[in-house]
Amino acid sequence: MAWKTRFGKCAWRIGLAIVLVMALLGALQIVSLLTARPGVGYFRSATGRDEYVARYEEAMRQFAVVPRSRDVETRLGIVRVYEWSTDETKDSVPVVLIPGRSSGVPMWAENVESFAGKHRVIAFDALGDAGMSVQSAPIGRFEDQAVWIHDVLAQLAPDGAHIVGHSFGGATATVYAREYPEDVRSLAVLEPVFTFSYPPLRLMSRTMVATIPRMPRSWREHALGKVGGTDYDADEPMARMIDAGAAHYKAALPTPHLVSKEEAEHLTMPVYAAIASNDSLAGGAKAAERAQELIPQAEVETWPNTTHSLPMQVAESLGEKLNNFWANSE
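First, a word on what this report is: a plain description of the structure on this page. Throughout, residues of each chain are indexed from 1 in the direction in which the sequence is written. Local features in a predicted model are, by the rule used here, given only for residues with pLDDT of at least 70; side-chain atom pairs are given and counted only at 80 or more, and totals for whole chains, interfaces and linings are based on all residues. Only hydrogens and water are set aside when side-chain values are computed; all heavy atoms of the structure are taken into account.

**Digging into the overall build of the protein chain**
Stage number 1. A run of H or I in DSSP counts as a helix once it spans at least four residues, and a run of E counts as a strand once it spans at least two, with each numbered from the N terminus. A count of helical and extended segments in the protein chain gives 12 helices and 11 strands.
Stage number 2. We call two residues in contact whenever any of their non-hydrogen atoms come within 4.5 Å of each other. Considering only contacts within the protein chain whose residues lie at least 6 apart along the sequence, 80% involve residues at least 24 apart.
Stage number 3. Carbon and sulfur atoms make up 50% of the accessible area of the protein chain, which amounts to about 13,400 Å² in all. To be clear on the numbers: accessible area is Shrake-Rupley with a 1.4 Å probe, and residue cover counts the displayed protein chains and nothing else.

**Considering the packing of aromatic side chains**
Stage number 1. Note on aromatic contacts: the rings of Phe and Tyr and the six-membered ring of Trp form a pair at centre separations within 6.5 Å, being stacked when their planes are under 30 degrees apart, edge-to-face when over 60 apart, and tilted otherwise. With the rule as written, the count across this model stands at 10 aromatic pairs.
Stage number 2. For the ring pair Phe-194 and Tyr-198, a centre distance of 5.6 Å and an interplane angle of 85° mean the geometry is edge-to-face.
Stage number 3. Of the aromatic side chains, those joined through ring pairs into one cluster are Phe-43, Tyr-52, Tyr-56 and Tyr-249.

**Digging into helix α5 (residues 168–179)**
Stage number 1. Helices are assigned an expected span. That span is 1.5 Å times one less than the residue count. Helix length check: α5, at 12 residues, gives a terminal C-alpha distance of 17 Å against a target of 16 Å (1.5 Å per residue), a fit within 8%.
Stage number 2. Classification of residues uses two cut-offs on accessible area relative to the type maximum, computed with a 1.4 Å probe and protein chains only: under 20% is buried, over 50% is exposed, and between them is partly exposed. Counting buried residues along α5, 11 of its 12 residues qualify, which places the element largely inside the surrounding structure.
Stage number 3. Taken residue by residue, α5 has Phe-168, Gly-169, Gly-170, Ala-171, Thr-172, Ala-173, Thr-174, Val-175, Tyr-176, Ala-177 and Arg-178 as its buried positions.

**Concerning the nonpolar core**
Stage number 1. Counting residues in each nonpolar core, the largest one holds 52 residues, and the members touching the most others are Phe-124, Trp-148, Val-152, Leu-153, Ile-163 and Leu-187.
Stage number 2. With seven residues, the single largest contributor to this core is helix α4 (residues 145–156).
Stage number 3. For Ile-163, the residues in contact, after removing those within four places along its chain, are Val-96, Ile-98, Leu-153, Ala-173, Tyr-176, Val-184, Ser-186, Leu-187 and Ala-188.
Stage number 4. The criterion is simple. A nonpolar core is a set of buried Ala, Val, Leu, Ile, Met, Phe, Trp, Tyr and Cys residues joined through side-chain atoms within 4.5 Å. With 42 residues, the next largest nonpolar core counts Val-53, Ala-123, Ile-242 and Tyr-272 among its residues.

**Structural notes on the layout of surface pockets**
Stage number 1. In this analysis a 1.4 Å probe is tested at points of a 1 Å grid over the protein atoms alone, and where it fits but cannot get out there is a cavity; an open set with protein on both sides within 12 Å along at least five of seven lines is a pocket; lining residues have an atom within 4 Å of a point. Grid points are joined across faces, edges and corners, and a volume is the space filled by probe spheres set on the points. Of the pockets and cavities examined, the second largest pocket occupies roughly 200 Å³.
Stage number 2. Around the second largest pocket, the lining comprises 14 residues; the ones closest to its centre are Glu-57, Met-60, Arg-61, Val-66 and Pro-67.
Stage number 3. At the level of elements, α2 (46–60) and β3 (77–84) are the ones that each hand at least two residues to the lining of the second largest pocket.
Stage number 4. The element that contributes the greatest number of residues to the lining of the second largest pocket is α2, accounting for three residues.
Stage number 5. Residues were grouped as follows: Ala, Val, Leu, Ile, Met, Phe, Trp, Tyr, Cys and Pro as nonpolar; Asp, Glu, Lys and Arg as charged; and all remaining residues, including Gly, as polar. Within the lining of the second largest pocket, the residues separate by chemical class into nine nonpolar, one polar and four charged.

Structure representation (structure tokens):
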């Protein structure tokens, strides 16, 4: 298809840009997870929202193919949904992408090409977080995250879907799979934070340095580079979008908790967990060991030479891995 050719020409640039800003995503996620309180997320001003929307639209232009979009009403707010499909994939089991904190749908620009080759792909901005979705009711418990996802998928994927989540989205994907296991064909979690283990203390300290107000830019970007595993570029479209969200959007979301043995018993579907080898915000070897202990049937893989930016760093290989995983699940 023509869009594959176009994607190939810009893949390296898009991939590098997203990998760079995942350092900031990791920092913002950990700090916001520890400081946010349940409530209703909102933009602090109309002008701030306008700036964020402009940056968001710029980041969305990183996709090689423009997706179809729609707004879906749920019990907790209106969710902005994007979809990629062709005549060949429109009747396939959908792949549903749940983003990390502050990243929204634009974070998947490097991954959609490989996912959409064989599957209809659905992605959305999370309620209560910066993005185009609009929260209208508090999300008091982390389990309530499953409510709005269920409302969306009851309309768009009533026969079930393959669920994929990265970072905070990995924790969200896991709670959805626990609450609605009959609707989940498979579960893939990529560097899921606060799910199987906690981030190492040294990474926690770096994220704190990266988010202290009025910290010198060079110090902040050095800390972010250490978290992301590469130099940080604050001028990339995703970075500008994330910075605008951090400046203008007040998130109000509960903190996830580690999966218990009793909760893991609900994860009866095929499960795949991808953990980074270096500076893993998911918890590294401890997370991999505990995931295997809690979910014996799961396939748990530690990807060499990767960081929390794993989905972007190994996008092509991960796409092959997940396509095989979904095929076997079906």
